[in-house]
Amino acid sequence: MTYCVAIKTDSGLVFASDSLTNAGIDHVSTYSKMHTFVQPGNRMFLLLAAGNLATTQAVVKRLRDDCQLGNLPCLNSIASMSDAVDYVGNVSVEVQRTQAARDVPNTSFEATFIFGGQIAGQAPEIYMIYPQGNHIHESAAHPFLQIGETKYGKPILDRVIRPDTPLEQAARCALVSINSTIRSNLTVGPPVELLIYSANALDGGRRLLFSEDHPYYRALGDAWNEGLRQALNSLPAFEWESQPQPLQVVATSTSGQMQG
């Protein structure tokens, strides 16, 4: 399992992912799930991958090979984001079909991707690509996309992320979303990768890697935990909690001994 998230704001894009891969108890390792394709000043694309590792690696290799060999189409020459996401979806379907033909019928080679970025003169965009090659994009009402183990990190995104959210605040929100997922699901784990891309920069963005013991990552998690505790303590009390408790009268006998 994995967890990846992409956020689109008015000021740019944020991408974040864990790095844990799990193919059973004896096959736990770490691989980057964040892949960038950049032509400085012209275009920037980023791919987040979840699913069968053989499939995702083959898709990334095919995308890079097409660029290096000058094959058409390729990410270096495609004219629009919609054409780019169609191309990535087609490559994914072809790779899955090839992988399935080589293995037993019951093995799943499905992969899901988040693809985003910007081409010069066009607006930044993010898309989710399903195993079948079709895709959806973000909306103003829902300006983020997730793949993998999404349920633990979604509540913070639902409550905080808006199109006008400042870019660095959106990045912190993405890290908290991943941190919450890691605490609740053992199949998602560090190191955590984060990329912050400012709109119209057309560069590789600011890319960060956080181990479990990274000072900033630990401070962020501790601050979030403490903030949750403070928020819980400041919630409105139930009506009966604010009412004075009735006085309990204890009867005494004539001999001065208390009677129950």
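Residues numbered from 1 in each chain as written. Predicted model: local features only at pLDDT ≥ 70, side-chain atom pairs only at ≥ 80, totals over all residues. Heavy atoms only, no water.

Undergrad: Mind showing me how you'd approach the pattern of salt bridges here?
TA: If the charged atoms of two oppositely charged side chains come close together, the side chains can form a pair. Within the structure shown, the criterion is met by 10 salt bridges. Residue Lys8 is joined to Glu138 by a salt bridge in which the shortest nitrogen-to-oxygen separation is 3.2 Å. Remark: Glu138 occurs in the loop between β9 (135–137) and β10 (144–148) and Lys8 occurs in strand β1 (residues 3–9); sequence separation between them is 130 residues. We classify Lys8 as partly exposed; its relative accessible area is 22%. The partner of Arg229 in a salt bridge is Glu226, with the nearest N and O atoms 3.1 Å apart. One end of the pair is Arg229 and the other is Glu226, both in helix α5 (residues 215–233) and 3 residues apart, which spans about a single turn. What makes Arg229 partly exposed here is its relative accessible area of 47%. Overall, Glu226 belongs to the partly exposed group, its relative accessible area being 35%. A network of salt bridges, in which partner residues are shared, links Arg62, Asp66 and Glu94. (Salt bridge = Lys/Arg side-chain N within 4 Å of Asp/Glu carboxyl O. Helix = DSSP H or I, 4+ residues; strand = E, 2+ residues; numbered from the N terminus. Buried < 20%, exposed > 50% of the residue type's maximum accessible area, 1.4 Å probe, protein only.)

Undergrad: It is not clear to me how the pairing of strand β8 (residues 125–129) should be interpreted in this structure. Could you clarify?
TA: The side chains of a regular strand alternate between both faces of the sheet. Burial analysis of β8 places 4 of its 5 residues in the buried class, the great majority of the element. Linking strand β7 (residues 111–119) back to β8 in an antiparallel pair, the connection comprises 5 residues, with Gly121 at a positive phi of about 85°. The pairing of β8 with β9 spans 3 bridges and is antiparallel. Note that in β9 the partner of Tyr127 across the bridge is His137. (Pairing = 2+ DSSP bridges.)

Undergrad: Help me understand the sheet that holds β9, please; the structure alone is not making it clear to me.
TA: The pairing of strands in a sheet comes from backbone hydrogen bonds and takes either a parallel or an antiparallel form. Reading across from one edge, β5-β6-β7-β8-β9 is the order of the 5 strands in this open sheet, with antiparallel pairing throughout. Since the sheet does not close on itself, it has two edges, and those belong to β5 (34–39) and β9, each with one partner. Direction aside, neighbouring strands of the sheet carry axes that sit 20° apart on average. Bridging between β5 and strand β6 (residues 43–51) involves 6 bridges; their strand directions are antiparallel. (Axes fitted to C-alpha atoms, helices over the stretch in contact; angles between N-to-C directions.)

Undergrad: Which parts of the structure should I look at to understand the sheet that holds β10?
TA: Read from one edge of the open sheet, 5 strands run β10-β1-β2-β11-β12, paired in antiparallel fashion. Pairing within the sheet leaves two strands with one partner each, and these edge strands are β10 and β12 (206–210). Looking at each pair of strands side by side, their axes are set apart by 10° on average, direction ignored. By the bridge criterion, 5 bridges tie strand β11 (residues 192–198) to β12 in an arrangement that is antiparallel. Residue pairing in the sheet places Glu193 in a bridge with Leu209 of β12.

Undergrad: Help me out: how do you make sense of unusual backbone geometry in this one?
TA: Apart from glycine, the bulk of residues carry a negative phi angle, and the bulk of peptide bonds sit in the trans form. Along the chain, Leu72 connects to Pro73 via a cis peptide bond; the corresponding omega equals 0°. Considering the arrangement of structural elements, one finds Pro73 in the loop between α1 (53–69) and α2 (81–102). Between Pro190 and Pro191 the backbone carries a cis peptide bond, its omega angle lying at 5°. As for its placement among the helices and strands, Pro191 is situated in the loop between α4 (167–184) and β11. With phi around 70°, Asn200 is a residue other than glycine that occupies positive phi space. Relative to the helices and strands, Asn200 is located in the loop between β11 and β12. The exposed category is assigned to Asn200, whose relative accessible area is 59%. Backbone geometry at Leu202 places phi at a positive 50°, although glycine is not the residue there. Within the fold, Leu202 resides in the loop between β11 and β12.

Undergrad: Can you help me understand α5 in this one?
TA: Three- or four-residue spacings in an α-helix give side chains the same orientation, since the helix completes a turn every 3.6 residues. In this model, α5 (19 residues) spans 27 Å end to end at C-alpha, consistent with the 27 Å of a helix rising 1.5 Å per residue. Contacts made by the buried residues of α5 are with α4, β11 and β12. (Expected span 1.5 Å × (residues − 1). Contact = heavy atoms within 4.5 Å.)

Undergrad: What's the story with α2 in this structure? I'm lost.
TA: Given a rise of 1.5 Å per residue, 22 residues ought to cover 32 Å, and the 32 Å separating the end C-alpha atoms of α2 matches this to within 8%. Taken together, the buried positions of α2 are occupied by Met81, Ala84, Val85, Tyr87, Val88, Gly89, Val91, Ser92, Val93, Val95, Gln96 and Gln99. In this fold, the buried residues of α2 make contact with β6, α1, β7, β8 and β9.

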